[in-house]
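Here are the chains, one letter per residue:
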Amino acid sequence: MSDSYLLSKERCPACASLGNDTTADNLAIYSDGHTWCFACGYSTIGDIVRSFIARNTPSIPIKHEVFLPSDSDTDYPRRSLKWMAQYELDKNDMMKHNILWSKSRERLIFPIFSEDKLLAYWGRYFGEGSEPKWKGLGAMRDIFHFIGSPSYDKIVLCEDIVSAIKLSRFCTALPLFGTHISVDRWKRLSTIVHKKSQVIIWLDPDMYSTSIKHANVGRQYGMNTEIILSDLDPKEHTLVDIARYLIK
């Protein structure tokens, strides 16, 4: 297969669905027809790549390495500590969950590792520019980043990683990095959790109908799915309130 080169950059549909990529340049378009989003990891394969895969087995996937910003460290500025404190999370929590700060990007970095390999990271912007508030790198929606107890007796699916960290005080939490749960993800999740596990969907208050749809799909794969509907997203509840919702 001939070498592929960058042709242009366009708006990423996955980022756009979350209100991101306002500059319409996250998605790289390559000469062989495949695409790759440097922000969220969304990708497609073009006809040339598809033909190559069909002719060559086993196929060789296109891999994109993820690297942390070079200045990532634990020298958290006061504004980031204050922001975490509003969710009853402190510096010890940040250290425990490998949260980093990038001064050059003015982002709090939430890395996702598998053993020693960096799979992705999610960053929260604290600057005053026009940058999106949240921006990720890596295939966020394909990753199962369980936080908390590994028993999986009670798993809460939530939208964001800060909520997941807070929920992990009481159960296993799985951030979705959005509100979408694909059928393929449900299939994979059904092979990880046992049939008696409680799988709780706790999204933001305006996502109730979406939660119902997700719960129904989960039940189709034999999982014991439930929904929590509250006036706030999980991270905005106090720890006492979260305990009341989860400990029954």
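Let me begin by describing the structure that accompanies this report.

A few points about the sheet that holds strand E6 (residues 100-102)
Here's step 1: Pairing is antiparallel across the open sheet formed by five strands, whose spatial order is E5-E6-E7-E8-E9. Two strands close off the open sheet at either side, each with one partner strand: strand E5 (72-73) and strand E9 (134-137).
Here's step 2: Across three bridges, E6 lies against strand E7 (residues 107-114) in antiparallel orientation. Within the sheet, the bridge partner assigned to Trp101 lies in E7 and is Leu108.
Here's step 3: Across the sheet, helix H3 (residues 78-85) lies against E6, E7, strand E8 (117-125) and E9, angled at about 70 degrees from E7, the strand it touches most.

A word on helix H7 (residues 208-220)
Here's step 1: End to end, H7 covers 19 Å across 13 residues, agreeing with the expected 18 Å (1.5 Å per residue, within 8%).
Here's step 2: Along H7, the positions that sit buried rather than exposed are Ser211, His214, Ala215 and Gly218. The buried residues of H7 all sit within an arc of 100 degrees when viewed along its axis, so they share a single face. In H7, the exposed positions that point more than 90 degrees away from the buried face belong to Lys213 and Gln220.
Here's step 3: For H7, the elements touching its buried residues are helix H6 (183-192), strand E12 (198-201) and strand E13 (224-227).
Here's step 4: Following H7 by one or two positions, Gly222 has its phi on the positive side, about 80 degrees.

Let's talk about the packing of aromatic side chains
Here's step 1: As enumerated under the stated definition, the model contains nine aromatic pairs in all.
Here's step 2: Seen from their ring centres, Trp83 and Tyr87 are 5.4 Å apart, and the 85 degrees between their planes marks the pair as edge-to-face. The same class applies to Trp83 and to Tyr87, which are both buried.
Here's step 3: Seen in terms of ring centroids, Trp122 and Trp134 are 6.3 Å apart; in terms of plane orientation they differ by 20 degrees. Their pairing is stacked. One end of the pair, Trp122, is in strand E8; the other, Trp134, is in strand E9, and twelve residues separate them in sequence.

Conventions and cut-offs
- Residues numbered from 1 in each chain as written.
- Predicted model: local features only at pLDDT ≥ 70, side-chain atom pairs only at ≥ 80, totals over all residues.
- Heavy atoms only, no water.
- Pairing = 2+ DSSP bridges.
- Helix = DSSP H or I, 4+ residues; strand = E, 2+ residues; numbered from the N terminus.
- Contact = heavy atoms within 4.5 Å.
- Axes fitted to C-alpha atoms, helices over the stretch in contact; angles between N-to-C directions.
- Expected span 1.5 Å × (residues − 1).
- Buried < 20%, exposed > 50% of the residue type's maximum accessible area, 1.4 Å probe, protein only.
- Arc of directions from axis to C-beta.
- Phe/Tyr/Trp six-rings, centres within 6.5 Å; stacked < 30°, edge-to-face > 60°.

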